[in-house]
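Each chain, letter by letter, is given below.
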Amino acid sequence: MQRRKIDLGYAASLLLSIALAFLIGALILAVSGHAPLNAYTEMVKGSLSNARHIGDTLEYAMVLCICGLACAVGSRAGIFNVGGEGQLLLGAVVAAQVGVAMEGSPKIVVIVCAALAAMAMGGAYAFVPGVLKVKLKVNEVITTIMLNTVAIYICQYLAKGPWRNSNPNIIAGTENLAQGYWLARPIAGSKLSSAIFASAVIAFLVWYIMQKTSVGYEMRLTGQNPRFARFAGLKTDTIVILAMLVSGAMCGAVGMFRVYGAEHIFKSSISNEYYFDGMMVAMITQYNPAGIILMSLFFAFLKIGAAGMEANAGVPNQIYLILQTVIIFFMAAQRGIAASVRAAAAKRTAQKEARARLAEGGARNG
Amino acid sequence: MDEILRHIFSAGTFNQMLRSATPVALAAMGGLLTEHAGIMNIGMDGMILMGAFIGVLGSYLCASAAMGVASAVLLGVAVGLFFALFVVKFKSDEFIIGCALNTFAAGLTAYLSRSIFGLSGTSGHDIAHLPTVHLDFLDAIPFFGEILNDNSFFIYLTWGLVALMWVFVYKTPCGFWIRAAGEKPETLRTAGISPERMKWIASILCGICCGLAGAHLSLGYLNGSFVEGMSNSRGYIAFACVIFGAANPAKAYIAALMFGFFDALGYRLQSYISSDLTSIIPYLITVVMMVYVVVRGQRKKTTLRTNTTAQKE
């Protein structure tokens, strides 16, 4: 009962935050000379008006969801994986190259190999900051962010250099993936691919493991109180490193999905800070797996809708980043805002009481 | 080989080192204040980015680079207030607020840049930039003159700021209180000074420093142009410099110089290997720096422990 009450309060403040974000967004739109209502209508149209747009929205929701869950897996165990972007990109480039190198093999073999390679790559790249954190207590936020930039340049180097496309018009991209290896597309013209089923399985597994099994409980214990967890006999170091490995492997898998499902080539459009969007989703929902799944749909709606808004209403699409972060600001501060409102109210009633008592005292004396 | 080495260790490299280090150093001067005040400030990257944009915007609207710098400083105050409002007043998770601030800055600056300057950004516009300073007497000094001369005014300003910050942090009561706010907030409160107020002050000063760093980046380093995402993780590197320098202004500046040197080295090596690979160098070095500082700290601790046990025996 208590829990449901908290959830209700949380949902209410989330809705309020979203409403406020749209209000602030409208203000920014109006100030910069766009009609807010028109822009928001184009946003809804851009993401939901036909099957193709809905497909694109679902595809992006899938990316956000797995990235968000990857972030949550780490955060629950007490390690912030901010380096998912790099893990995703490296996974993608390796997966693309596996597809190119194994051309001629059966589809299922190539896809399994590519997925395994991408996950191994992502996991390995997350392993390094994980070990540094556990063994040496090096701040993982800085190391993972730095490794992101390193990964971006490594991928660029590979796509421009040793693994570059033989077509000179493609400046930074690997060879195109043979059509036989493309994942099936349920909606014609949309980027949505059958990878969404794999993602659904991953999402369910992560939810199940984190919420319903003892492993998930041990992870949470490690994240909340590592000292206690250690005294309770848990191998906290192993749990943290394992969480980081899983988190990295999930990001790598997203990279593989993007290459085989959406782009069919590795180039810079594989990910444009998509992991950071996923991380924001995870933060808003306080790393709750079910919340992440729902929230990623909403954020995908914002992002894909913003592209439509840019095309049809001429509004720069970055407005979605503003909307998104305003929601986060409010959600992160909800407790603090509520507390200061309460404090102000308490102060006012206390003052009123004091004044009433003073008046009473004055009357008695007089 | 000899020629390559001479090319790499030329005066030009060290000049580039100074130029690359300055934005990072400026931001680090602010970051060390919040670090002392006990706030983990991940949001510096966004603060720099906003400063860079507002600097260009101010310079564009007023046709004066000085006004650009002034507006970046004002924005720094506003961002510092905003950051403190959430982190200090509302007690939100500083990591989440910092991350969100970075994304917010990326979104807002790109949105405004496209709304105001059009899709191609500032490239087609004539924006007043900061002048470089030429000192005649430096011409007489061969190698060092070349390094130190003809720089943006901000490079010299940064030296002054490092000294000033050192005095502020270690020699003034306010600096002492800021440090106490991070280390022993309850003791400070008993002494009748609010640690929260010190955190507000540290945040605002950090905002100003990051605003200056941004203004230098767009108006000085890039001669009056704004590029989307131009802070390029410099805020995070500044944070790493703060950690590396144990929040000491002089040491943080040296760390920034080290970053600048490897950045410059990368530029030089571009003549020999792919620029994508050379760009990695400063970021990898930052990771190595982070590892080194921890290992050094642990070694100190163990030697201390062995010393004390030795004394007991």
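Small disclaimer: the values here were computed from a predicted structure and weren't measured.

Rules used in this analysis
- Residues numbered from 1 in each chain as written.
- Chains lettered and ligands numbered in written order.
- Predicted model: local features only at pLDDT ≥ 70, side-chain atom pairs only at ≥ 80, totals over all residues.
- Heavy atoms only, no water.
- Helix = DSSP H or I, 4+ residues; strand = E, 2+ residues; numbered from the N terminus.
- Buried < 20%, exposed > 50% of the residue type's maximum accessible area, 1.4 Å probe, protein only.
- Contact = heavy atoms within 4.5 Å.
- Areas by Shrake-Rupley, 256 points an atom, 1.4 Å probe, with all protein chains shown as cover.
- Buried area = accessible area lost by both parts, 1.4 Å probe.
- Salt bridge = Lys/Arg side-chain N within 4 Å of Asp/Glu carboxyl O.
- Polar contact = N/O pair within 3.5 Å; in protein donor to acceptor, adjacent residues only side chain to side chain.
- Nonpolar A, V, L, I, M, F, W, Y, C, P; charged D, E, K, R; others polar.
- Expected span 1.5 Å × (residues − 1).
- Axes fitted to C-alpha atoms, helices over the stretch in contact; angles between N-to-C directions.
- Parallel < 35°, antiparallel > 145°, perpendicular 65-115°, else oblique.
- Left-handed = near helix turned anticlockwise from the far one by under 90°.
- Phe/Tyr/Trp six-rings, centres within 6.5 Å; stacked < 30°, edge-to-face > 60°.
- Lys NZ or Arg CZ within 6 Å of the ring centre and 35° of its normal.
- Patch = residues over 30% accessible without salt bridge, like charges linked within 9 Å, V, L, I, M, F, W, Y side chains within 5 Å.
- Core = buried A, V, L, I, M, F, W, Y, C linked by side-chain atoms within 4.5 Å.
- Lys, Arg positive; Asp, Glu negative; His and termini not counted.
- Charge placed at Lys NZ, Arg CZ, Asp CG, Glu CD.

What follows covers the overall build of chain A. Counting its secondary structure elements, chain A contains 13 helices and 0 strands. Across chain A, helices and strands are ordered from the amino to the carboxyl terminus as α-α-α-α-α-α-α-α-α-α-α-α-α. Principal-axis analysis of the C-alpha atoms gives chain A an extent of 100 × 60 × 35 Å. Put simply, chain A has 366 residues, and 51% of those count as buried. Of the contacts made within chain A by residues no fewer than 6 positions apart, 75% connect residues no fewer than 24 positions apart. When the accessible surface of chain A is totalled, it reaches about 16600 Å², and 65% of it is carbon and sulfur.

Attention shifts here to the interface of chain A and chain B. Counting from both sides, the interface comprises 44 residues of chain A and, opposite them, 43 residues of chain B. Carbon and sulfur atoms make up 80% of the area that chain A and chain B hide from each other, which totals about 3800 Å². Interface area lost by chain A to chain B is led by A:Met146, A:Tyr153 and A:Phe329, which between them contribute 18%. Here chain A is connected to chain B by 2 salt bridges. B:Asp276 is the partner of A:Lys160 in a salt bridge, and the nearest nitrogen-oxygen pair spans 3.3 Å. For the pair chain A and chain B, the interface holds 3 residue pairs in polar contact (both at pLDDT 80 or more). A breakdown of the residues in the side of chain A that touches chain B according to their chemical character gives 30 nonpolar, 11 polar and 3 charged.

The next thing to look at is helix α6 (residues 140–160) of chain A. All names here are of chain A. The end-to-end C-alpha distance of α6 is 30 Å, a good match for the 30 Å that 21 residues give at a rise of 1.5 Å each. Across the 21 residues that make up α6, a large majority, 16, are buried. By the N-cap criterion, in which a side-chain oxygen at the helix start approaches the backbone nitrogen of a residue two or three places on, α6 is capped by Asn 139, the distance to Val 141 being 2.7 Å.

Before going further, it helps to examine the packing of helix α5 (residues 107–136) of chain A against α6(A). Between two packed helices, the angle of one axis relative to the other and the distance separating the axes together describe the packing. All names here are of chain A. Between α5 and α6, whose axes approach to 10 Å, the crossing angle comes to 155°. In terms of axis orientation, α5 runs roughly antiparallel to α6. Judged by the twist between their axes, the crossing of α5 over α6 is right-handed. Where α5 approaches α6, its residues Tyr 125, Pro 129, Leu 132 and Lys 133 are matched on the opposing element by Glu 140, Thr 143, Thr 144, Leu 147, Val 150 and Ala 151. Among the residues making up the contact of α5 with α6, the classes are represented as 6 nonpolar, 2 polar and 2 charged.

A few words now on the packing of aromatic side chains. Enumeration according to the criterion identifies 24 aromatic pairs over all chains in this entry. For the pair A:Phe298 and A:Phe299, a centre-to-centre distance of 6.1 Å together with 55° between the ring planes defines the contact as tilted. Across the pair, exposure class does not vary: A:Phe298 and A:Phe299 are buried alike. An angle of 75° between the planes, with centres 5.1 Å apart, marks the rings of B:Phe53 and B:Phe226 as edge-to-face. Residue B:Phe53 is found in helix α3 (residues 44–62), and its partner B:Phe226 is found in the loop between α10 (195–221) and α11 (234–244); the two are separated by 173 residues along the sequence. Across the pair, B:Phe226 and B:Phe53 agree in class, each one buried. Here the aromatic cluster, defined as three or more aromatic residues joined through ring pairs, consists of A:Phe329, B:Phe82, B:Phe86, B:Phe90 and B:Phe104. Positioned over the ring face of B:Phe244 is B:Arg296, at 5.9 Å from the centre of the ring.

Next up on the list: the packing of helix α2 (residues 11–36) of chain B against helix α7 (residues 153–171) of chain B. Residues and elements named next belong to chain B. One can describe the packing of α2 onto α7 by two numbers: an axis separation of 10 Å at closest approach and a directional angle of 20°. With respect to α7, the element α2 is oriented roughly parallel. Classified by chirality, the crossing of α7 by α2 is left-handed. In contact with Leu 18, Arg 19, Thr 22, Ala 25, Leu 26, Met 29, Leu 32, Leu 33 and His 36 of α2, α7 contributes Phe 154, Ile 155, Thr 158, Trp 159, Leu 161, Val 162, Met 165, Phe 168, Val 169 and Tyr 170. Among the residues making up the contact of α2 with α7, the classes are represented as 15 nonpolar, 3 polar and 1 charged.

For the rest of this paragraph, the subject is the side chain of A:Gln87. All names here are of chain A. The residue Gln 87 is located in helix α4 (residues 84–101) in this model. For Gln 87, a relative accessible area of 1% translates into the label buried. A polar contact of 3.0 Å, which involves the side chain of Gln 87, links it to the side chain of Asn 81.

On to helix α8 (residues 173–183) of chain B. For α8(B), the full list of buried residues reads B:Gly175, B:Ile178, B:Arg179, B:Ala180 and B:Ala181. The secondary structure elements touched by the buried residues of α8(B) are α2, α7, α9 (185–190) and α10 of chain B.

Residues and elements named next belong to chain A. Among the surface-exposed residues, Val 44, Leu 48, Ile 54, Leu 58, Leu 294 and Leu 297 lie close enough to one another that they form a single nonpolar patch of about 490 Å² accessible area. Only α2 (36–48), α3 (51–76) and α12 (289–313) provide two or more residues apiece to the nonpolar patch. The residue Leu 297 is located in helix α12 in this model.

Turning our eyes to something else, we now look at the environment of A:Ile187. Residue and element names in this part refer to chain A. Among the secondary structure elements, Ile 187 is positioned in the loop between α6 and α7 (195–212). Ile 187 sits in the partly exposed class, given a relative accessible area of 22%. Separated by 171 residues in sequence, Ile 187 and Leu 16 have C-alpha atoms that sit 34 Å apart. Residue contacts for Ile 187: discarding those within four places in its chain leaves Ala 51, Arg 52, Gly 55 and Leu 192.

What follows is about the nonpolar core. Grouped together as the largest cluster of nonpolar side chains are 213 residues, with contacts concentrated most on A:Tyr260, A:Phe266, A:Ile284, A:Phe299, A:Ile327, B:Met29 and B:Leu32. Per-element accounting of this core gives the leading share, 13 residues, to α3(A). Ignoring sequence-local partners within four residues, the contact set of A:Ile327 consists of A:Leu14, A:Ser17, A:Ile18, A:Ala21, A:Ile284, A:Phe298 and A:Phe299. A:Ile79, A:Ala126, A:Val134 and A:Ile241 belong to the second-largest nonpolar core, a separate cluster that totals 6 residues.

The subject of this paragraph is a positive patch on the surface. Residues and elements named next belong to chain A. A cluster of basic residues, Lys 135, Lys 137, Arg 227 and Arg 230, forms a positive patch at the surface. Considering the arrangement of structural elements, one finds Lys 137 in the loop between α5 and α6. On the basis of relative accessible area, Lys 137 is assigned to the exposed category, the value being 59%.

So, about the environment of A:Ile18. Residue and element names in this part refer to chain A. Within the secondary structure, Ile 18 is located in helix α1 (residues 2–31). Residue class for Ile 18 comes out buried when judged on its relative accessible area of 14%. As a C-alpha pair, Ile 18 and Ala 300 span 282 residues in sequence and 14 Å in three-dimensional space. Non-local contacts of Ile 18, meaning those with residues more than four positions away in its chain, are made with Met 295, Phe 298 and Ile 327.

Note that side chains of opposite charge can pair when their charged atoms are close. Tallied over the entire structure, the rule returns 10 salt bridges over all chains. Here A:Glu263 ties to A:Arg258 by a salt bridge, and the two come within 3.0 Å at their closest N and O atoms.

Nothing here speaks to function; it is all geometry.
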